[in-house]
Amino acid sequence: MTVIQEAPAEAEAEILGLYRAHLSKGRATLAELFGSHMETASEGAWLTTSDGERFLNAGGYGVFIMGARHPIVMEEVERQLRTHPTATRILLEPTVARAAEALVSVMPEGLDRVHFALSGAEAVETGLKLARAGGRKRTVSMRGGYHGKTLGALSATAKDVYQAPFRPLVPDFLHLPFGDTDALEAELAAHPGEVCVILEPVQGEGGVIIPPAGYLKRVEELVREHDGFLILDEVQSGFGRLGEWWGADIEGVVPDVLLTGKALGGGVLPVSAAVATRKAFRPFDKDPYVHTATFSGQPILMAAVQGAIRAIKEERLVTRAMDLGAQLLPRISEIAYRNIPELVVDVRGRGLLIGVELVEAGLAGELLIELFNHGVVANHSMNGSSVVRFTPPAVMSDTDVEFLLNSFDLATRDLVRGAATMPEGGN
C-alpha cells in the first residue's frame, strides 16, 4: 500500500486525537489510511485540505450534484440566515410552503404532498409509516438495497453486518432479489392489500446495480394489481444524478411515495423529503401531529431546497449530468479494461452514478487510495464493498473531466503495479 503522507501536521494530529477521544476510533483509523488529511474548504467540484492540497470531489455519496457552495444555494441560505433561520412551527411560515411547491414542480405527476426531514433514513421512516398507516403491515425490500440505519430503515437494508448487532428488528420485513419480478409477484399475490414494496431505481450502495429494462414499470404494475404500496427510494439516485430528475422518470413510474435527500440541500445543508400522492398522505392530513420533528421544514433548510432546485433548473444540470455521464462511462471503462483487465469485473453506471467493480474488496480499497494519491476523492459501496463508486458533480468543467480521467488512468496503473508486487496470498 502506498503511503500518502509521511506525517500529519500538528493540527491534523490534534484532530485525529479528538476523533479517537470523542468520536470513533475506527473512523480515525480509516482517516490514517488516507494520510490523516483534514478538509477545510470546498468550492464547486474541488475541496482543499489544511496543507493546501486540492482534490476533485467525485465522492460525497451523491450529495454534490451541484458541487460545493453553489452561489445560488449560498445566496438563498445567507439571506434566510440573516432574517429568520428557525421557526416556531406554530405559525404559518412561507419558506417551507415555497420549498414544497418547488419540489412538487419537478416530481412525477401525482406526487404533490411533502413531508420534509433531515436525513435519508428519516425520509425512509416516513414512507414506511405512511405504508403502515394505510394498512400495509408487510414490507418487501431488495437484497443489496440500502435504505439507512435507523431501526425501520435498517430492517429494510438487507445487510447482515449492519443488522446483526441490533436484532430483533422491526418484524414482517422480507428481502427479495433485485430484478426478480416473479418472486415479487408471488409475495404480493399471497398477501393482497398487505404489502409495501420499497426499492431503489439503481442500487447505489449495492454497487451501482442497474435493474433489467422494464423492471421498475413491472414492479409498479404488480403493486397496483395486488393493492400494494410502492416506495421509491431516490435519496441517492434522484435529483438529477441519473441524468433525469428521478429514476422514476426513466420508465414513467409514479410510486405512492418518492424519497429524496442528499443533494436536496444543495450540498450545503442536510435536508430530505418524502413526497406522496394525496391518497397515500391521507393519514398525515388527518392528524398533523401524528408524525412530526422539531427541525422538519425549518426556514434555513427550506432556503437551501429552493436554491438547489433553482440552480439545477437555471443551469440545466440534469441534462449536464446525462451528457457528462455519457462521456465518462465509456472512457472509465476503456481505461479500466486497458490497465487492469485481470482485476476488473465490470464498469457500469447511469448518468453521474458510476461503479467500477473489482475482483475483491481489498483491491477496491487500494484503488480508492491510489485515486486519492492522484487528487481524486471517490467512495466505496457499503453493500458492494468490491465496487469503487464515482458520484462527481454536474458542474465539472471539461478540464475537471480530463483531470478525473487522467487520475483514474494513473491510479489504475499504480494499482496493477502494487498488485504485481504483493506477496502471494497477502493483502
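Residues numbered from 1 in each chain as written. Predicted model: local features only at pLDDT ≥ 70, side-chain atom pairs only at ≥ 80, totals over all residues. Heavy atoms only, no water.

Peer 1: Help me out: how do you make sense of the overall build of the protein in this one?
Peer 2: When you go through the protein residue by residue, the secondary structure sums to 15 helices and 15 strands. For a compact globule of 427 residues, the expected C-alpha radius of gyration is about 22 Å, and the protein comes in at 22 Å, within 12% of that figure. Judged by the C-alpha coordinates and their principal axes, the protein covers about 65 × 55 × 45 Å. Looking at the protein as a whole, 52% of its 427 residues are labelled buried. A fraction of 73% describes how many contacts in the protein between residues 6 or more apart in sequence connect residues 24 or more apart. As presented, the protein carries roughly 18,700 Å² of accessible surface, and 54% of it is formed by carbon and sulfur atoms. One finds the centroid of the 39 positive side-chain charges in the protein at a distance of 6 Å from the centroid of its 55 negative side-chain charges. (Helix = DSSP H or I, 4+ residues; strand = E, 2+ residues; numbered from the N terminus. Rg over C-alpha atoms; globule rule 2.2 N^0.38 Å. Buried < 20%, exposed > 50% of the residue type's maximum accessible area, 1.4 Å probe, protein only. Contact = heavy atoms within 4.5 Å. Areas by Shrake-Rupley, 256 points an atom, 1.4 Å probe, with all protein chains shown as cover. Lys, Arg positive; Asp, Glu negative; His and termini not counted. Charge placed at Lys NZ, Arg CZ, Asp CG, Glu CD.)

Peer 1: Sorry if this is basic, but what is going on with the pattern of salt bridges here?
Peer 2: As a working rule, side chains carrying opposite charge can pair if their charged atoms are close by. Under the criterion given, the structure shown has 24 salt bridges. Residues Arg278 and Asp112 are paired through a salt bridge, measuring 3.2 Å at the closest nitrogen-oxygen approach. Of this pair, Arg278 sits in helix α11 (residues 278-286) while Asp112 sits in the loop between α4 (94-104) and β4 (113-117), and the two are 166 residues apart along the sequence. For Arg278, a relative accessible area of 54% gives the class exposed. In this structure, Glu334 engages Arg338 in a salt bridge whose closest nitrogen and oxygen atoms are separated by 2.7 Å. Pair noted here: Glu334 and Arg338 are both in helix α13 (residues 317-339), with a separation of four residues, about one helical turn. Its relative accessible area of 40% is what places Glu334 among the partly exposed residues. Exposure remark for Arg338: the relative accessible area of 41% places this residue in the partly exposed category. Here the residues in one salt-bridge network are Glu75, Glu76, Arg79, Arg310 and Glu314, joined through shared partners. (Salt bridge = Lys/Arg side-chain N within 4 Å of Asp/Glu carboxyl O.)

Peer 1: Would you explain the side chain of Ser237 in this entry?
Peer 2: Within the secondary structure, Ser237 is located in the loop between β8 (229-233) and α10 (247-250). Within polar-contact distance, the side chain of Ser237 engages the side chain of Glu234 at 2.8 Å. (Polar contact = N/O pair within 3.5 Å; in protein donor to acceptor, adjacent residues only side chain to side chain.)

Peer 1: I tried to follow the sheet that holds β8 on my own but got confused; where do I start?
Peer 2: Where strands meet in a sheet, backbone hydrogen bonds hold them as pairs that are either parallel or antiparallel. Ordered in space as β4-β10-β9-β8-β7-β5-β6, the seven strands form an open sheet in which the pairing is mixed. Strands with a single pairing partner mark the edges of an open sheet, and in this sheet they are β4 and β6 (173-176). Neighbour-to-neighbour, the strand axes of this sheet turn through a mean angle of 20 degrees, independent of strand direction. Taken together, the five bridges between β4 and strand β10 (residues 272-276) define a ladder with antiparallel strand orientation. Bridging across to β10, Ala117 finds its partner in Ser272. (Pairing = 2+ DSSP bridges. Axes fitted to C-alpha atoms, helices over the stretch in contact; angles between N-to-C directions.)

Peer 1: Whenever I open this one, the nonpolar core confuses me. Can you help?
Peer 2: One finds Leu103, Phe116, Val197, Leu199, Phe239 and Phe390 to be the most contacted residues of the largest nonpolar core, which totals 87 residues. A total of nine residues in this core trace back to one element, the largest contributor, which is helix α12 (residues 299-314). The contact partners of Phe239, leaving out residues within four places of it in the chain, are Ile65, Met66, Leu103, Trp245, Trp246, Thr260, Ala263, Leu264, Ala308, Ile309 and Ile312. Counting residues in hydrophobic clusters, the runner-up holds 21 residues, among them Ala123, Ala131, Ile231 and Val257. (Core = buried A, V, L, I, M, F, W, Y, C linked by side-chain atoms within 4.5 Å.)

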